[in-house]
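Residues per chain are reported as follows:
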Amino acid sequence: MAIEIERKFLLVSDAWRALISRSETFRQGYLSNTKRASVRVRIADDMATLNIKGMTLGVQRAEYEYTLPLPDAMELLDQLCERPLIEKTRHFVEFGGKLWEIDEFHGDNAGLIVAEVELDSSDEVIIMPPWAGNDVSHLERYYNVRLTQYPYSQWSAEERG
């Protein structure tokens, strides 16, 4: 079984922007979302994938990913995926020996920026960058699949932290 282990953090400053090594534009949507798993289609620049992810809360979840033909992915996003689609720019930043992925959301989720770091184990100690704030790994509302159901634009000031 493929396992993804990652932690998510809110950001406390824009200092990470000076460290960006590259960025990709993402457009993604969900074909299915159940209590057990979500099925996502994603186009990252000119690459397309189908992703199946377990719905376990926390830092460790089952995840499978497969390449799709780009035209098929475009049709799936346009015709079959739930709305709103997730639109974001993913920025890649190296810090403390780890690759951090910083998602800057657009569209219905504009204003939300979340940093993710993949780990080798769920108890791995990481060097925290000065721009990383609260750990939101266990807060389901920050999961992309939840952002299609309850977009950031609808969150109250309290929910935005």
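The model shown is predicted, which means the values in this text are computed figures rather than measured ones. (Residues numbered from 1 in each chain as written. Predicted model: local features only at pLDDT ≥ 70, side-chain atom pairs only at ≥ 80, totals over all residues. Heavy atoms only, no water.)

Some remarks on the environment of Arg 146
Okay, so step 1: Along the chain, Arg 146 turns up in helix H2 (residues 144-149).
Okay, so step 2: Taking C-alpha positions, Arg 146 is 9.4 Å from Asn 33, a pair spaced 113 residues apart along the chain.
Okay, so step 3: Residues within four places of Arg 146 in sequence aside, it is in contact with Asn 33, Met 55, Glu 140 and Arg 141.
Okay, so step 4: A distance of 2.7 Å separates polar atoms of two side chains, one belonging to Arg 146 and the other to Gln 149. (Helix = DSSP H or I, 4+ residues; strand = E, 2+ residues; numbered from the N terminus. Contact = heavy atoms within 4.5 Å. Polar contact = N/O pair within 3.5 Å; in protein donor to acceptor, adjacent residues only side chain to side chain.)

Structural notes on the layout of surface pockets
Okay, so step 1: Estimated volume of the largest pocket: approximately 480 Å³.
Okay, so step 2: Surrounding the largest pocket, 30 residues form its lining, Glu 4, Arg 40, Arg 42, Glu 63 and Arg 90 being those nearest its centre.
Okay, so step 3: Contributing elements (two or more residues each) for the lining of the largest pocket: strand S1 (3-11), strand S2 (20-33), strand S3 (37-44), strand S4 (47-54), strand S5 (60-68), strand S6 (86-95), strand S8 (113-118) and H2.
Okay, so step 4: The residue makeup of the lining of the largest pocket, split by class, is 11 nonpolar, five polar and 14 charged.
Okay, so step 5: Considering only enclosed or pocket space, the second largest pocket measures out at about 190 Å³ in volume. (1 Å grid on protein atoms, 1.4 Å probe; cavity = no way out; pocket = protein on both sides within 12 Å on 5 of 7 lines; lining within 4 Å. Points joined across faces, edges and corners; volume = space filled by probe spheres on them. Nonpolar A, V, L, I, M, F, W, Y, C, P; charged D, E, K, R; others polar.)

Describing the pattern of salt bridges
Oppositely charged side chains can form a pair if their charged atoms are brought close together.
Okay, so step 1: Scanning the model with the defined rule gives 16 salt bridges in all.
Okay, so step 2: With its nearest N and O atoms 3.5 Å apart, the salt bridge here joins Arg 40 to Glu 65. Placement of the pair is Arg 40 in strand S3 and Glu 65 in strand S5, with a sequence separation of 25 residues.
Okay, so step 3: Among the residues examined, Glu 65 registers a relative accessible area of 46% and is labelled partly exposed.
Okay, so step 4: Of the charged contacts, one joins Glu 124 and Lys 98 as a salt bridge, the two residues approaching to 2.9 Å between their closest N and O atoms. Here Glu 124 is found in the loop between S8 and strand S9 (132-135), whereas its partner Lys 98 is found in strand S7 (residues 98-105), with 26 residues between them in sequence. Assigned by exposure class, Glu 124 and Lys 98 land together as buried. (Salt bridge = Lys/Arg side-chain N within 4 Å of Asp/Glu carboxyl O. Buried < 20%, exposed > 50% of the residue type's maximum accessible area, 1.4 Å probe, protein only.)

Section: the packing of aromatic side chains
Okay, so step 1: For the structure on display, the rule yields six aromatic pairs.
Okay, so step 2: Relative to Trp 100, the ring of Phe 9 has its centre 5.7 Å away and its plane inclined at 50°; by these criteria the two rings are tilted. Of this pair, Phe 9 sits in strand S1 while Trp 100 is found in strand S7, placing the two residues 91 residues apart along the sequence. Accessibility classification places Phe 9 together with Trp 100 in one group, the buried group.
Okay, so step 3: Considering the side-chain rings of Tyr 142 and Trp 155, the 5.1 Å spacing of their centres and the 85° angle between planes classify their relative orientation as edge-to-face. Placement of the pair is Tyr 142 in the loop between S9 and H2 and Trp 155 in the segment after H2, with a sequence separation of 13 residues.
Okay, so step 4: We classify Tyr 142 as buried; its relative accessible area is 3%.
Okay, so step 5: Take Trp 155: its relative accessible area is 5%, and that puts it in the buried class.
Okay, so step 6: One aromatic cluster is present, built from ring pairs that chain together Phe 9, Phe 95, Trp 100 and Trp 131. (Phe/Tyr/Trp six-rings, centres within 6.5 Å; stacked < 30°, edge-to-face > 60°.)

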